[in-house]
Amino acid sequence: MRLSFTPTRPIPYGRQHITDADVQAVISTLHSDFLTQGPQVAEFERRFAQYIGVEYAVAVSNGTAALHLCALALGVQPGQRVITTPITFAASANCVRYCGGEVHFADIDPETALIDLQAVRSLLESHPKGYFHGLIPVDFAGLPVNLQAARQLADEFGLWLIEDACHAPGGFFTDDQGREQRCGNGQLAELAIFSFHPVKHIATGEGGMITTNRRDLYEQLLLLRTHGITRDPGRLQHPDEGGWYYEMQELGYNYRMPDMLCALGISQLERADEGLARRRQLARQYDAAFAQTPGVTPLAGAAGHAYHLYVIQVQDRRGLYDFLRGKQIFAQVHYIPVHTMPYYQQLGWQPGDFPAAEAYYARCLSLPMFPSLTDEEQQYVIDCVREFVGQ
Ligand SMILES: *Cc1c(COP(=O)(O)O)cnc(C)c1O
């Protein structure tokens, strides 16, 4: 066992990578006339849309705000029922609750930890048509959901789709025509959302993006992002009132992303492909190491995997987590199943409801996965995991 390396600071499961160019981009915006709604916002939206391969992009304050606006734009209201996965960050479900809707869950596929579309089908078939209104699949860990299959299901049962692509900018799956469908490209889901939280691929501190090919939803999102206010002469009821004039036409929010953070986003986006390539390389190295490590089972990979997370499953997860912390490796658990959260238990869900999700949770651990992780650090992580399971 080669444990010659000792980390000088803890190795987290995810870490942002900020360069001098990123810092400069923020500083120049600070010196400009605009701190909030300036030219960087539209520029970031334009470039992000181009990167994803989608018509429209709307920058918002964070991924949770993105989900909330999507639920509003799709008209979620009290009494409506929406399905998502228990293995996700709580925000994927909470957006439905913000609008008074009911969250339902379908269990995961144990191979991938993604929502099991067969389980979704069974759930849909066990209720009358029209009972459910939407489905929020999550590209968990960066593995893209087969949205073509999800779309077929959605069309059959009259659902809309919001793709929670927070883990997967740059990810893709291959559809049955052999085409690469990039996460968030708007071809199959009405809306997709991204987050720029520091552990995500593109880090701006707080920040998020909604993508769509639907012009009507795009215009609705713009309105809802800024208090429901418009200044567009073509949309005003009284366009001749004067230059100061605007109208609040709906109850909206202040969910804007500031100019200086969009400048950081633009700068980060320039390195997105580089970061993604490094994540995939790290994943290959972990895969190769753990293929020869009995007792360590990584989640399934795929060509279009974007590797926000690298998840392994082990028998003694608690033991490994504590052992790694003692070695300055801050692994993390993604996720505690949402339906077992006290809030969702108050709404009637219980442990035992989704056995595959709970079995996954009992064994999962996310190892360090971020572009600036060095090969030496990764080898140290691998050695420590092996040391533990070899005990
Ligand atoms: C990070 C994340 C969110 C929320 O994004 P924030 O920007 O932190 O609000 C939503 N869904 C998933 C799957 C996430 O990982």
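As the structure is a prediction and not an experimental result, all values here were calculated from the model.

Judged by pairing direction, the sheet is antiparallel, and its three strands sit side by side in the order β13-β14-β16 without closing on themselves. Edge strands, defined here as strands with exactly one partner in the open sheet, are β13 (297-298) and β16 (364-367). The pairing of β13 with strand β14 (residues 310-313) spans two bridges and is classified as antiparallel. Across the sheet, the residue bridging to Thr297 is Gln313, located in β14.

Turning our attention to the nonpolar core. In this structure, Phe140, Ile210, Ile312 and Leu324 are the most contacted members of the largest nonpolar core, which totals 102 residues. With seven residues, the top contributor of residues to this core is helix α3 (residues 63-73). Composition of this core by domain shows at least three residues from each of domain 1 (11-16 + 272-389) and domain 2 (20-269). Beyond its immediate sequence surroundings of up to four residues, Phe140 is in contact with Ile87, Thr112, Ala113, Leu114, His167, Leu299, Leu309, Val311, His334, Tyr335 and Tyr360. Residues Phe196, Met209, Ile266 and Leu269 belong to the second largest nonpolar core, which totals 24 residues.

Ordered by their spatial adjacency, seven strands build an open sheet running β2-β10-β9-β6-β5-β3-β4, and the pairing between neighbours is mixed. Looking at which strands have only one partner, the edges of the open sheet turn out to be β2 (56-60) and β4 (102-105). If you compare each strand with its neighbour and ignore which way they point, the axes differ by 20° on average. As defined by bridge partners, strand β9 (residues 191-195) adjoins strand β10 (residues 208-212) across four bridges and the pair is classed as antiparallel. In the strand pairing of β10, Ile193 is matched with Ile210. Of the strands in this sheet, β2, β9 and β10 are in contact with helix α7 (residues 215-225), which crosses β2 at around 15°.

A word on the environment of Phe388. Within the secondary structure, Phe388 sits in helix α13 (residues 375-390). Separated by 101 residues in sequence, Phe388 and Asp287 have C-alpha atoms that sit 17 Å apart. If we skip the residues at most four places from it in the chain, Phe388 touches Asp316, Gly319, Leu320 and Phe323.

The residues that UniProt annotates with the feature "active site" (unreviewed entry) are Lys200. As for its placement among the helices and strands, Lys200 is situated in the loop between β9 and β10. The buried category is assigned to Lys200, whose relative accessible area is 15%. Setting aside residues no more than four positions away along its own chain, Lys200 makes contact with Cys166, His167, Ser195, Arg279 and His308.

What follows covers the site of the ligand. Near the ligand lie 15 residues; those nearest to it are Gly63, Thr64, His167, Ser195 and Lys200. One nitrogen or oxygen atom from the main chain of Gly63 is found 2.7 Å from an oxygen atom belonging to the ligand. One of the side-chain nitrogen or oxygen atoms of Thr64 is found 2.6 Å away from an oxygen atom of the ligand. Relative to its free-state accessible area of 380 Å², the ligand is covered by the protein chains to the extent of 93%. If you map the ligand onto the pockets, it falls in the largest pocket. Residue contributions to the shell around the ligand peak at three residues, all from α3.

Quick notes on the rules
- Residues numbered from 1 in each chain as written.
- Predicted model: local features only at pLDDT ≥ 70, side-chain atom pairs only at ≥ 80, totals over all residues.
- Heavy atoms only, no water.
- Pairing = 2+ DSSP bridges.
- Helix = DSSP H or I, 4+ residues; strand = E, 2+ residues; numbered from the N terminus.
- Core = buried A, V, L, I, M, F, W, Y, C linked by side-chain atoms within 4.5 Å.
- Buried < 20%, exposed > 50% of the residue type's maximum accessible area, 1.4 Å probe, protein only.
- Domains from an automatic or database assignment.
- Contact = heavy atoms within 4.5 Å.
- Axes fitted to C-alpha atoms, helices over the stretch in contact; angles between N-to-C directions.
- UniProt positions renumbered as here; feature names shortened; annotations may be inferred.
- Near = heavy atom within 4 Å.
- Polar contact = N/O pair within 3.5 Å; in protein donor to acceptor, adjacent residues only side chain to side chain.
- Areas by Shrake-Rupley, 256 points an atom, 1.4 Å probe, with all protein chains shown as cover.
- 1 Å grid on protein atoms, 1.4 Å probe; cavity = no way out; pocket = protein on both sides within 12 Å on 5 of 7 lines; lining within 4 Å.
- Sits in = over half its atoms within 2 Å of the grid points.

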